[in-house]
Amino acid sequence: MGYRSLKACVDDLAATGRLIAIDEEIDPNLEAAAIQRRVYAAGGPALYFPRVKGSPFPMVSNLFGTMDRARFIFRDTWDAVRRLIDLKIDPQEAFKHPLQTARALPAAFSMLPRKVKSGPILARQTQIDQLPQLKSWPDDGGAFITLPQVYTEDADRPGLAASNLGMYRVQLSGGQYVPNREVGLHYQIHRGIGVHHAAAIRRGVPFRVNIFVGGPPAMSLAAVMPLPEGLSELGFAGALAGHRVAMICRPGELPLHADTDFCMSGVVDPERLLPEGPFGDHLGYYSLAHDFPVLRVDRVYHREGAIWPFTVVGRPPQEDTVFGQMIHELTGPVIPTVLPGIRAVHAVDASGVHPLLLAIGSERYVPFAERRRPAELLTQANAILGQGQMSLAKYLLIVAHDECPQLDIHDIRAFFRHVLERVDWRRDLHFHTATTIDTLDYSGSGLNEGSKVVIAAVGAKSRDLPVDVPADLWLPEPFRKPRVCLPGVLAVEGPQYQTDHDGVDQASEMFCAACTPADAINQFPLVVVVDDSDFTAQTLNNFLWVTFTRSNPASDIHGIDASTRAKHWSCNGSLVIDARIKPHHAPPLIEDPDVIRRVEALGAPGRPLHGII
């Protein structure tokens, strides 16, 4: 029941035709990642690389490349874990369905980590430079671990119960790190490791860190789960793995996961910060080099027959998209218990996850009165933006459930139609300025600095949305090439972004000033100014990616016939979002053409990826 090692999972996938081996030598420098991207995009199998250039260790990727494969990996435990979550939501379920509850009890017992004195991970030791030096994108600052499980404990409450297991970026090489001695440890705001780091600094004790790589797949999923504080990732991993997680606990040392494939043990240097990055990240751009903590590595353990798992991060969708789907499937039902009135929340993967949130809430404040403006939705929107990783959102679009009970929050086209048919730009925009945004988002005013906007739409449908460019549409020079992205959404190609002596580009404001409320463009409630309107309108994913990763609400939202009253900004005509590339933005991810040619050759007849890519 469940896998006790990564090798057991790999063997099972191979035996059932869900994994193939690529027997040719593969370079972890760009080539392995390019293979992974293509096979994932094709909906292909998991990949095993037995011959890795420069390393004695094999690699595996795309384990979670499809939801079907992910469900197969957790087929013995998935339903029991979901049952446990149902019981947390409503304990009365235990009395309503006693048989199903009884089946969930073994999963509850598995949530208790098990202390041991030894395990497979202690079999061997190696050096950092012997690990697969995976580099995913040409301008990455070095090799990175892309599926790490970073284990830390709270200096105020040491022990397994208050531990944190998170997936934080680890740079193995490059930059100013001492080879085979130091690695970079990048973690973003609102992460559990930050609480532990702060406690160690406050108490003046060493901040010890263990980085696990591999082991049962349940550990990787547990490391990315947005669990509430106080709920152990080790416990969740045990329930999902179908057995208690064995942790080697020895006096004076941080516990090690006994069944992992690799473990890097060390102490964060309290006096040392070094530039970490650049790194091609999940927004589809490079996160640039910034000072982050340095881990002084004492030992690198590995088990016999260790396998190095990896994934590739980049513009969605990638393999981590499936992680998001699994997280939603498990945690979606919990949201109403944490956020009263909220029916559903969707972090839109194609926008880079954090830039855009969609939400369905409730309007119950004045049920006896005619609805004229959002009320409870605004309370719920503030609650969402105060909740964990959701607080990093830049755009939050929220609607009322009772106005369209059949609305599917994952049907993005339908959701935008519902919003744009009834939104009133005179009342429905609510800005949060000079606040925090995602560390990886460079659309704001600085690292972690930016703004947010809530768009709360209620009421009856107030307009029909155009699906074609009107014959009488007029655009001021030099704006051109209007293209319809969605009903009611128009992309307009603007001039290249250029700043004046104050560091501001006035083009979008001039665009709005040149248009009047009587112009045909106002038939479109939303206009997006972009660098390439054909690309933006080509697919829904392109529209979402361009619009929400390249704009900072407070500085990039404009409007036709706009005004400010009592510090509330509004407009009578179209809302205009400037989604052009700005000088302060990070560069987008572009593959190396030579590597692309090598990888595509693997799909030729007689080569290992023929018929897959």
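Structure first, text after, so check above.
Overview of the structure. (Residues numbered from 1 in each chain as written. Predicted model: local features only at pLDDT ≥ 70, side-chain atom pairs only at ≥ 80, totals over all residues. Heavy atoms only, no water.)

**Examining the overall build of the protein chain**
Thought 1: Secondary structure summary: the protein chain contains 18 helices and 30 strands in total.
Thought 2: In terms of principal-axis extent, the alpha carbons of the protein chain reach across some 75 × 60 × 55 Å.
Thought 3: Residue burial in the protein chain is summarised as follows: out of 613 residues, 57% are buried.
Thought 4: Pairs at least 24 residues apart make up 72% of the contacts formed inside the protein chain by residues separated by at least 6 positions.
Thought 5: A total of about 25,100 Å² of accessible surface is found on the protein chain, and carbon and sulfur atoms cover 52% of it.
Thought 6: A distance of 6 Å separates the average location of the 59 positive side-chain charges in the protein chain from that of its 69 negative side-chain charges. (Helix = DSSP H or I, 4+ residues; strand = E, 2+ residues; numbered from the N terminus. Buried < 20%, exposed > 50% of the residue type's maximum accessible area, 1.4 Å probe, protein only. Contact = heavy atoms within 4.5 Å. Areas by Shrake-Rupley, 256 points an atom, 1.4 Å probe, with all protein chains shown as cover. Lys, Arg positive; Asp, Glu negative; His and termini not counted. Charge placed at Lys NZ, Arg CZ, Asp CG, Glu CD.)

**Side note on helix H13 (residues 412–422)**
Thought 1: Taking burial as the measure, the 11 residues of H13 include eight buried ones, the bulk of the element.
Thought 2: Within the span of H13, buried status applies to Ile412, Phe415, Phe416, His418, Val419, Leu420, Glu421 and Arg422.

**Re the pattern of salt bridges**
Thought 1: Considering all chains together, one arrives at 35 salt bridges under this definition.
Thought 2: The salt bridge partner of Arg202 is Asp156, with a shortest N-O separation of 2.3 Å. Taken together, the residues Arg202 in helix H7 (residues 192–203) and Asp156 in the loop between strand E7 (148–152) and strand E8 (164–166) connect sequence positions 46 residues apart.
Thought 3: Notably, a salt bridge pairs Glu421 with Lys461, separated by 3.9 Å at the nearest N-O pair. (Salt bridge = Lys/Arg side-chain N within 4 Å of Asp/Glu carboxyl O.)

**Some words on the packing of aromatic side chains**
Thought 1: Counting across every chain of the model gives 17 aromatic pairs.
Thought 2: Geometrically, the ring pair formed by Phe431 and Trp569 is edge-to-face, given 6.1 Å between the ring centres and 90 degrees between the ring planes. In this pair, Phe431 sits in strand E22 (residues 429–436) while Trp569 sits in strand E29 (residues 568–571), placing the two residues 138 residues apart along the sequence.
Thought 3: On the basis of relative accessible area, Phe431 is assigned to the partly exposed category, the value being 28%.
Thought 4: Joined through ring pairs, the aromatic side chains of Phe64, Phe74, Trp78 and Phe323 make up one cluster.
Thought 5: Against the face of Phe72 rests Arg18, its NZ or CZ located 3.7 Å from the ring centre. (Phe/Tyr/Trp six-rings, centres within 6.5 Å; stacked < 30°, edge-to-face > 60°. Lys NZ or Arg CZ within 6 Å of the ring centre and 35° of its normal.)

**A closer look at empty space enclosed by the protein**
Thought 1: Taken as a whole and judged by the stated rule, the model has seven cavities of 30 Å³ or more.
Thought 2: By volume, the largest cavity is sized at about 90 Å³.
Thought 3: At the level of secondary structure, the elements contributing two or more residues to the lining of the largest cavity comprise strand E21 (395–400), H13 and strand E30 (575–578).
Thought 4: Sort the elements by how many residues they give to the lining of the largest cavity and H13 lands first, with three residues.
Thought 5: The residue inventory of the lining of the largest cavity, partitioned by class, reads 12 nonpolar, no polar and no charged. (1 Å grid on protein atoms, 1.4 Å probe; cavity = no way out; pocket = protein on both sides within 12 Å on 5 of 7 lines; lining within 4 Å. Points joined across faces, edges and corners; volume = space filled by probe spheres on them. Nonpolar A, V, L, I, M, F, W, Y, C, P; charged D, E, K, R; others polar.)

**Things to note about the side chain of Thr439**
Thought 1: Topologically, Thr439 is positioned in the loop between E22 and strand E23 (449–457).
Thought 2: Reaching out from Thr439, the side chain makes a polar contact with the side chain of Asn448 at a distance of 2.6 Å. (Polar contact = N/O pair within 3.5 Å; in protein donor to acceptor, adjacent residues only side chain to side chain.)

**With respect to the packing of H13 against helix H16 (residues 540–549)**
Thought 1: In contact at an axis separation of 11 Å, H13 and H16 are set at 60 degrees when each is read in the N-to-C sense. It follows from the interaxial angle that H13 and H16 lie oblique. In this structure, H13 uses Ile412, Arg413 and Phe416 to contact H16, whose residues at the interface are Leu540, Phe543, Leu544 and Phe548.
Thought 2: Looking at side-chain class alone, the contact of H13 with H16 contains six nonpolar, no polar and one charged residues. (Axes fitted to C-alpha atoms, helices over the stretch in contact; angles between N-to-C directions. Parallel < 35°, antiparallel > 145°, perpendicular 65-115°, else oblique.)

**Describing unusual backbone geometry**
Apart from glycine, the bulk of residues carry a negative phi angle, and the bulk of peptide bonds sit in the trans form.
Thought 1: In this chain, Gly277 is followed by Pro278 through a cis amide linkage whose omega measures 0 degrees.
Thought 2: Relative to the assigned elements, Pro278 resides in the loop between strand E14 (262–276) and strand E15 (279–280).
Thought 3: Cis geometry marks the peptide bond from Glu477 to Pro478; its omega dihedral reads 5 degrees.
Thought 4: Although it is not a glycine, Lys481 sits at a positive phi angle of roughly 50 degrees.
Thought 5: When you line up the elements, Lys481 lands in strand E24 (residues 480–486).
Thought 6: In this structure, Lys567 takes a positive phi of about 65 degrees despite not being glycine.

**Considerations on helix H18 (residues 593–601)**
Thought 1: Inspection of H18 places Val595, Ile596 and Val599 among the buried residues, and these make up the whole buried set. Buried residues of H18, seen end-on, are gathered within an arc of 100 degrees and therefore sit on one face of the element.
Thought 2: Elements in contact with the buried residues of H18: helix H2 (31–41). (Arc of directions from axis to C-beta.)

**Describing the packing of H2 against H18**
Thought 1: In contact at an axis separation of 9 Å, H2 and H18 are set at 60 degrees when each is read in the N-to-C sense. If you check the angle between H2 and H18, you find them oblique. Here the hand of the crossing between H2 and H18 comes out right-handed. Only Val595, Ile596, Arg598, Val599 and Glu600 of H18 make contact with H2, whose side of the interface consists of Glu31, Ala34, Ile35 and Arg38.
Thought 2: Among the residues forming the contact of H2 with H18, the class breakdown is five nonpolar, no polar and four charged. (Left-handed = near helix turned anticlockwise from the far one by under 90°.)

**A closer look at the pairing of strand E25 (residues 489–493)**
On a regular strand, one side chain projects to one face of the sheet and the next to the other, so that they alternate.
Thought 1: Of all five residues that make up E25, five are buried, and the element is covered over most of its length.
Thought 2: Both faces of E25 are covered, namely the face carrying Val489, Ala491 and Glu493 and the face carrying Leu490 and Val492.
Thought 3: In this structure, E24 lies alongside E25, joined through four bridges in antiparallel fashion. The partner of Arg483 across the bridge, within E25, is Ala491. (Pairing = 2+ DSSP bridges.)

**Considerations on the nonpolar core**
Thought 1: Core analysis: the largest hydrophobic core is formed by 58 residues, its most contacted members being Leu63, Phe74 and Met326.
Thought 2: Secondary-structure elements contributing two or more residues to this core are helix H1 (6–15), helix H3 (67–73), helix H4 (78–89), helix H8 (217–224), helix H9 (233–241), strand E12 (246–248) and helix H10 (319–331).
Thought 3: The element contributing the most residues to this core is H9, with six residues.
Thought 4: Counting residues in each nonpolar core, the second largest holds 48 residues, with Ile22, Val52, Met264 and Val268 among its members. (Core = buried A, V, L, I, M, F, W, Y, C linked by side-chain atoms within 4.5 Å.)

**Concerning the sheet that holds E22**
Thought 1: Pairing is mixed across the open sheet formed by five strands, whose spatial order is E19-E20-E21-E23-E22. Strand pairing shows two members of the sheet lacking a second neighbour, strand E19 (344–347) and E22, which therefore form its edges. Adjacent strand axes in the sheet meet at a mean angle of 15 degrees, parallel and antiparallel pairs treated alike.
Thought 2: Note that E19 and strand E20 (residues 356–361) share four bridges and pair antiparallel. Each residue of the ladder has a partner; that of Val345, found in E20, is Ala359.

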